[in-house]
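Structural overview for review
Take a look at the letters that make up each chain.
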Amino acid sequence: MTTMVKKLLSYTSVLLMTASLVGCGSPFAGSNNTPEPQENSASAATSDTAGSAEASVAPASEDTAPLEKDIILTTYYYSSKKDDVERCTGHYTDITFSRELEKKYPKLAEIVNIITDNWESSVRDTVGDFAYWYDEEYSFDITFYNDQSIEIVRFDDRLFTILSNDESYGGGAHPNHSTYSYNIDPVTGMTYNLRDVLASPSDFPAIIRTRMEKESPELLEEIDSFYYEDGDVFADKLDNDTYTFTVDDKGLHIIFSPYEVASYAAGTIEVDFSYEEYPELVTESFRMTAPADLESRIERVDGDTTEVEAKSAYNTEEFDGEAGHEGAIEVANPTWAYYFNDSYKRDTKSHYLTLTQTKEERSDWLDTEVWAANHGFAMPEFPYDDETYHYEAYNPYMDGYMYNSLVISSVESGETIIDYNLAKVCNGYDEKENRSSDQTEFIRYAKVVDDILYVEISHWGYASEGPDNAYIVAINLNTNEVIFRSEPLRANGYNFKVVDDTIICGYGFTAEPDYIYLLDRYTGKMVQQIPVRSAPYVFEIVDDTLYVATYNTAYEFTMTR
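What comes next is a walk through the structure.

Per the stated rule, a full pass over the model turns up 30 aromatic pairs. Seen in terms of ring centroids, Phe-97 and Phe-160 are 5.6 Å apart; in terms of plane orientation they differ by 75°. Their pairing is edge-to-face. With Phe-97 in strand β3 (residues 85–97) and Phe-160 in strand β5 (residues 160–169), this pair connects stretches of sequence that are 63 residues apart. Comparing Phe-97 with Phe-160, the two get one shared label, buried. Seen in terms of ring centroids, Tyr-259 and Tyr-264 are 5.9 Å apart; in terms of plane orientation they differ by 40°. Their pairing is tilted. Here the aromatic residues Phe-382, Tyr-384, Tyr-389, Tyr-391, Tyr-403, Tyr-445 and Phe-496 are joined through ring pairs into a cluster of three or more. The aromatic ring of Tyr-471 is capped on one face by Arg-485, whose charged end is 4.4 Å from the ring centroid. Sitting over the face of the ring of Tyr-517, Arg-490 holds its NZ or CZ atom 4.5 Å from the ring centroid.

This next bit is on the sheet that holds strand β22 (residues 497–499). Strand order in the open sheet made by the four strands is β22-β23-β24-β25, with antiparallel pairing throughout. In this open sheet, the two edge strands, each paired with only one partner strand, are β22 and β25 (526–531). Going across the sheet, the axis of each strand differs from the next one's by a mean of 25°, ignoring polarity. Where strand β24 (residues 515–520) lies against β25, five bridges are found, and the strand directions are antiparallel. By the bridge assignment, Leu-519 is partnered in β25 with Met-526.

So, on to the sheet that holds strand β13 (residues 354–362). Strand order across the open sheet formed by four strands is β13-β28-β27-β26, with antiparallel pairing between neighbours. Two strands lie at the open edges of the sheet, namely β13 and β26 (536–542), each paired on one side alone. When the angles between neighbouring strand axes are averaged without regard to direction, this sheet yields 20°. With eight bridges connecting them, β13 and strand β28 (residues 553–560) associate as antiparallel partners. For Lys-359, the partnering residue across the bridge sits in β28 and is Glu-556. On top of the sheet, helix α8 (residues 368–375) reaches β26, β27 (545–550) and β28; it is set at about 155° to β27, its chief contact.

Definitions and limits used
Residues numbered from 1 in each chain as written. Predicted model: local features only at pLDDT ≥ 70, side-chain atom pairs only at ≥ 80, totals over all residues. Heavy atoms only, no water. Phe/Tyr/Trp six-rings, centres within 6.5 Å; stacked < 30°, edge-to-face > 60°. Helix = DSSP H or I, 4+ residues; strand = E, 2+ residues; numbered from the N terminus. Buried < 20%, exposed > 50% of the residue type's maximum accessible area, 1.4 Å probe, protein only. Lys NZ or Arg CZ within 6 Å of the ring centre and 35° of its normal. Pairing = 2+ DSSP bridges. Axes fitted to C-alpha atoms, helices over the stretch in contact; angles between N-to-C directions. Contact = heavy atoms within 4.5 Å.

Structure below.
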């Protein structure tokens, strides 16, 4: 059943149910289900879960029919069985707007449809995958699960805020917990990051650090010891736009999921900043002056249960016997965070190019194939050649293109230079936390420069669904070790370019920030970010001109070395 059909049936069933309650005398008539406002502790704390996903039915008068709800939240369920034994269950919540609301905020409705479509496919595929691996590897009596629930925290003309709480267990020492926020402009459909709502973003890392030093010094000590980068964890998260946050009538609320900034044992970490204590923290236009009556606007209903085949999300078929595959070299994954192997430090200073924009052609949608043909470019897709090497990816997880392995051979002789199994680099498990990726990640593009192989790895979804995503990974061809893994959300286009000491790549996705990034090709560190109108897809170079195709805009830049 398609998502749109589900939404239509969901809303129709709620309206019919409401009508029947009116005809028979609503059991909610004359009741008052609105809770008293909660006091915000405005302190750093830890908890096992983040937020509640409850919303009540608004009271109705016996003499007047209840109004149509603005939002219907429908929970759909999945189950995967074998021999009538349930191996894995899961659920996700769909969001349906009333017709009036959809007409008022069409951009919001469009973005929310995309978000819920991703929730649906993620939960459904995970339930089937968990059940498959249960059958293959586990004999103990336990049911795996993948549950996703949501809370609508705010809905006004400034912000539509969703908190998504995810919990899953597919084996191992403990379940996985994560909380993500979506802060969407209802009118434009654009997503706001934390820096957008702060009056002075540069001051925030020091503010949150001071807050935690006062309230939870031991927890702050663990956070600092858990973060092994040279910089400050709070500043780096702000730079990378990876904060989970909400802004309500009390103030600013920050949430860190387990493993995000501290160990699993630290639990979910929450830090509150009330307007009373921090009157200048949040930009005036984003503040709420009074609590919103969301309960009267939201209806929760249960949807149907769908049986899912116990099927791996990965390709479990054996290799086809092509030369070199049986002896492929497996490359280890040191960690999902930014990583640099100190043994590859260079004494010489890198010299980076600069980009100067010279052209911008806007459209509603840019056909990249037509754009490439007009300029005489070939669309980057496996297999392909450069001046020296032939690149061929193989062993797809699914869909015939989500590759996890790579063979590189000489264009001149045809001799295989390297045969890499990059399954661990793509999806784990990593050496630091023994953790797999949240979404199926795969090889998008690769390039050999000197004795280094650069590989772009990402998944197809939102960063919130799998934050360990969209990297450039550098591998030393002499040692078969990872030199660096860039910071996440740096590259998810069809290709990238390496010019002198600079990697040119880009990241973007629906309702997420879109940037061209310049990275140091020896460390993976960001040198510069350039905002663009939409997700960068293709990069091509002719002489000193860089051509960039994004979702809706064609750019040209002059490169200065």
